Amino acid sequence: MKKLLLATALLSSTVLTGCVVAVTDGEINGSHYGWKKEQKQNREKISQLKMGTEYQSVLNKLGTPDFTDMVSKGETVYQVLYFATNSKHSDGVVTKDECTPLLFKDSKLVGFGDTALAQLL
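Residues numbered from 1 in each chain as written. Predicted model: local features only at pLDDT ≥ 70, side-chain atom pairs only at ≥ 80, totals over all residues. Heavy atoms only, no water.

The chain has the name DUF3192 domain-containing protein in an unreviewed UniProt entry, where Pseudoalteromonas rubra is given as its organism.

Given below as structure tokens:
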């Protein structure tokens, strides 16, 4: 009986020994849904913006954009800020097609969204 218990104990310890792999989406807080929360907050903040809002005020409210562009059309120079609002893949990588563009002329908000950007270009 002792031999059977010893054999069972040895077999159990061998079987239960293994490797643990931890996978995260790169969020500092380790939350799998951190990016979803951030994108929801960005959508809420953008929906509250008013035409004519100052460039710096938008940066203060939304933080650092995911992408920026500067576009010249005729004599006018536009600044375009892109904020992540609509993830298409849960890969942790943000692309422009997952962002909402905000358009500024003379440091004032003149539009946002794909329709506004299409009219500019």
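Draft legend 1. Just the side chain of Thr-100, in detail. Note on placement: Thr-100 falls in strand S3 (residues 99-105). According to the relative accessible area criterion, Thr-100 is buried, its value standing at 17%. Looking at Thr-100, its side chain comes within polar contact range of the side chain of Thr-85, at 2.7 Å. Residues contacting Thr-100, with those up to four places away along its chain left out, are Ile-46, Leu-81, Tyr-82, Phe-83, Thr-85, Phe-112 and Gly-113. (Helix = DSSP H or I, 4+ residues; strand = E, 2+ residues; numbered from the N terminus. Buried < 20%, exposed > 50% of the residue type's maximum accessible area, 1.4 Å probe, protein only. Polar contact = N/O pair within 3.5 Å; in protein donor to acceptor, adjacent residues only side chain to side chain. Contact = heavy atoms within 4.5 Å.)

Draft legend 2. Spotlight on the nonpolar core. One finds Ile-46, Leu-49, Tyr-55, Val-58, Leu-59, Leu-62, Leu-81, Phe-83, Leu-102, Phe-104 and Leu-109 forming the largest nonpolar core, which totals 11 residues. Elements represented by at least two residues in this core include exactly helix H3 (55-62), strand S2 (76-84) and S3. With four residues, the single largest contributor to this core is H3. With residues near it in sequence (within four places) discarded, Leu-62 still touches Asn-42, Lys-45, Ile-46, Leu-49, Phe-83 and Leu-102. (Core = buried A, V, L, I, M, F, W, Y, C linked by side-chain atoms within 4.5 Å.)

Draft legend 3. Quick look at the environment of Lys-108. Tracing the sequence through the fold places Lys-108 in strand S4 (residues 108-112). In sequence terms Lys-108 and Gly-52 are 56 residues apart; their C-alpha atoms lie 4.8 Å from each other. Those residues within four positions of Lys-108 in sequence are excluded, and the remaining contacts are Gly-52, Thr-53, Glu-54 and Leu-103. Engagement of the side chain of Lys-108 in a polar contact is seen with the side chain of Glu-54, the distance being 2.4 Å.

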